[in-house]
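# Examining the three-dimensional arrangement
Residue-level listing of the chains:
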Amino acid sequence: MEKNKKNEKKDLKYFSTDKLYNIKHKKHLSGRLMSYVLLAAATIILLFSVYLFSKCVNLEKKSSKVEYSESGYADYTVYLKDNKYYETKFLPSGMQYLANLISTINTKFNYEIKADEDLDYSYTYDIVGAVQIVDSSDENKVIFSKDYTLLKSKTGTVKSNNVIINEDVDIDYDKYNNYVNAYKSEYGLSANSRLVVTMNIQANGKTKKADDTLSKNNKLQITIPLSQQTLDIKINTQNIDSKDTLKSANNSFITSIPMFIAMVGLFGTGVLLVILSVKFHKVYVKENIYTITVNKILKEYDRLIVNGNITIEEKTFDNKIQVDSFNELVDASQNLNAPILFYNVIPGEKCFFVIIKGNSLYKYRLTKAYLEREEHDKKNKKQI
């Protein structure tokens, strides 16, 4: 008999001391197949749910942000009445002007917001003028004030990366100057007076990429002195020139709600299938502890175990030795230089491992009942 001969499935006869075992090898289906099928299905579903997650959830290591800049300025041009001294019809800003030569003053306002992404903008602006008569010793003390609407309120909405507002208004200088002079003359006032021209701007912007919203309230203002021989027109507000960033508080957000719902459903299904697979496997192990143990022995000690087409009668052997463990049988096989014969007595229930050497028979009996009792004892010890 060769030691390395592979396990052969043949019908064997084994005569024990009490009965004849005629073994017919049968194929048995187990819950292990169901466990593997469920695990494979769960793996496919979970991988697909991970794919959907990568598509419907945006995970960025850096916070989402939109950068923007804001700019604005006011300016004016003084238009002159016909005269014999100035060759030009207008004078630029920043000069001293003779009140008697001023026809109109063209006030100009420019405002712009520019972002590196499209924003949903809404904006409102208007231009108003305020005639003010103030205390000559303290210009913050207003004696009289009257407001004029120079440009009615305008509103707009746009989805763009920038908003530009350009407006200009012509100021009839004599109109406001004569009004103030008449007021002061009637009441005998010696006070300063002025026309304050203001553009009020309110702009809002938002984007899905950032949680912050853009909200701006700005004023661009020009002050024109009244009731004076020479004028020093002042641009009250500094040019607007700033940069800022709209940021997102969260590093992740859902880009597709339907896809996210599908991903959650698939992930839950995959987890459920994994749980069922584990349960089936545990049931399989519990119900097939005998088969698993025998197959493990046959695989691990394949070099020592053989099946032979032979008939054995225990009663013909004078020396019959029952060993307590399979390891003892392995030691005996190696010491005696004899192979181990395997006999599947009751498929799924009971088998013998036998060594024959001369008139001696070494026998190890393995039963399902013994293995189940051993497993039960191990669990009880762990609980204690």
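Above this text sits the structure in question.
Now for a description of the structure that goes with this document. All of these numbers come straight from a predicted model, not from anything done at the bench.

## So, the nonpolar core
With 49 residues, the main nonpolar core has Ile105, Ile224 and Ile233 as its most contacted residues. Breaking this core down by element, the ones donating at least two residues are strand S4 (65-80), strand S7 (102-134), strand S8 (142-172), helix H2 (173-187), strand S9 (192-206), strand S10 (214-226) and strand S13 (240-247). Considering every element that reaches this core, the biggest residue donor is S7, with 12 residues. Val294, Phe353, Ile355 and Tyr362 belong to the second-largest nonpolar core, a separate cluster that totals 23 residues.

## As for helix H4 (residues 289-300)
The first and last C-alpha atoms of H4 sit 16 Å apart over 12 residues, in line with the 16 Å expected at 1.5 Å per residue. Among the residues of H4, Ile289, Tyr290, Val294, Ile297 and Leu298 are the ones counted as buried. Across the axial projection of H4, the buried residues extend over an arc of 160°, all falling on one side. Counted as exposed and oriented over 90 degrees from the buried face of H4: Lys296 and Lys299.

## Quick word on unusual backbone geometry
Despite not being glycine, Ser227 has its phi angle at roughly 60°, a positive value. Its location among the elements puts Ser227 in the loop between S10 and strand S11 (230-231). Its identity as a non-glycine residue notwithstanding, Asn337 has a phi of 55°, on the positive side. Relative to the elements of secondary structure, Asn337 occurs in the loop between helix H5 (326-336) and strand S18 (340-346).

## Focus on H2
Every α-helix carries 3.6 residues per turn, so stepping three or four residues along brings you back to the same face. With 15 residues, H2 extends 22 Å between its outermost C-alpha atoms, agreeing within 8% with the 21 Å of an ideal straight helix rising 1.5 Å per residue. Where H2 is buried, its residues contact S7, S8, S9, S10 and S11. One or two steps after H2, the chain reaches Gly188, where phi turns positive at roughly 60°.

## Notes on the packing of aromatic side chains
Applying the stated criterion across every chain, the model contains 13 aromatic pairs. Taken together, a centroid distance of 5.0 Å and an interplanar angle of 75° make the contact between Phe326 and Phe353 edge-to-face. Placement of the pair is Phe326 in helix H5 and Phe353 in strand S19 (residues 350-357), with a sequence separation of 27 residues. Note on accessibility: Phe326 and Phe353 belong to one class, buried. One residue, Lys363, lies across the ring of Phe352, its end atom 3.8 Å from the ring centre.

## A short note on the side chain of Gln132
Checked against the element boundaries, Gln132 lands in strand S7. For Gln132, a relative accessible area of 15% puts it in the buried group. Separated by 2.7 Å, the side chains of Gln132 and Arg194 make a polar contact. When sequence neighbours within four positions are dropped, the list of residues in contact with Gln132 reads Phe144, Ser145, Asn192, Ser193, Arg194 and Val196.

## Considering the side chain of Ser193
Structurally, Ser193 can be placed in strand S9. At a separation of 3.0 Å, a polar atom in the side chain of Ser193 contacts the main-chain carbonyl oxygen of Leu226. Here Ser193 is in contact with Gln132, Ile133, Val180, Lys184, Pro225, Leu226 and Ser227, once residues within four sequence places are set aside.

## Observations concerning a nonpolar patch on the surface
A surface patch of nonpolar side chains, amounting to about 530 Å² of accessible area, comprises Leu33, Met34, Val37, Leu272, Leu276 and Phe280. Along the chain, Met34 falls in helix H1 (residues 31-56). By relative accessible area, which is 40% here, Met34 ends up partly exposed.

## Considering the pairing of S18
Among the 7 residues in S18, 6 count as buried, and that is most of the element. The pairing of S18 with S19 spans 4 bridges and is classified as antiparallel. Each bridged residue has a counterpart across the sheet, and for Phe342 the counterpart in S19 is Phe353. Adjacent in sequence and paired antiparallel, S18 and S19 are bridged by 3 residues, among which Gly348 carries a positive phi angle near 80°.

## Some points on the pairing of S9
Pairing analysis gives 15 bridges linking S7 to S9, with the strands arranged antiparallel. Along S9, the bridge assignment pairs Tyr123 with Ala203.

What counts as what
Per chain, the residues get numbers from 1 upward, laid out in the order the sequence is written. Local features in a predicted model are, by the rule used here, given only for residues with pLDDT of at least 70; side-chain atom pairs are given and counted only at 80 or more, and totals for whole chains, interfaces and linings are based on all residues. Water and hydrogen atoms play no part in the side-chain values, which are based on all heavy atoms of the structure. Here, nonpolar core refers to any group of buried Ala, Val, Leu, Ile, Met, Phe, Trp, Tyr and Cys residues whose side-chain atoms link them within 4.5 Å. Each residue gets one of three labels from its accessible area relative to the maximum for its type: buried under 20%, exposed over 50%, partly exposed in between, using a 1.4 Å probe on protein chains only. Secondary structure follows DSSP: runs of H or I at least 4 residues long count as helices, runs of E at least 2 residues long count as strands, and numbering of each begins at the N terminus. By this rule the span expected of a helix is its residue count minus one, scaled by 1.5 Å. By construction, the arc corresponds to the directions joining the helix axis to the C-beta atoms. Any two residues whose heavy atoms approach within 4.5 Å are treated as being in contact. Put simply, two rings from Phe, Tyr or Trp (the six-membered ring, in Trp's case) pair if the centres are within 6.5 Å, and we call them stacked under 30 degrees between planes, edge-to-face over 60, tilted for the rest. Look at NZ for Lys and CZ for Arg. If either is within 6 Å of the ring centre and within 35 degrees of the ring normal, a charge sits over the ring. Residues adjacent in sequence count toward polar contacts only when both atoms are side-chain atoms; beyond that, a polar contact is any pair of N or O atoms within 3.5 Å, and within protein one must be able to donate a hydrogen and the other to accept it. Put simply, a patch holds well-exposed residues, over 30% relative accessible area, that have no salt bridge, with like charges counted together within 9 Å and Val, Leu, Ile, Met, Phe, Trp or Tyr side chains within 5 Å. To measure how exposed things are, a 1.4 Å probe is used in the Shrake-Rupley method; for residues, cover is taken only from the protein chains shown. For this analysis, a salt bridge means a side-chain nitrogen from Lys or Arg found within 4 Å of a carboxyl oxygen belonging to Asp or Glu. At least two bridges found by DSSP between two strands is the condition for calling them paired.

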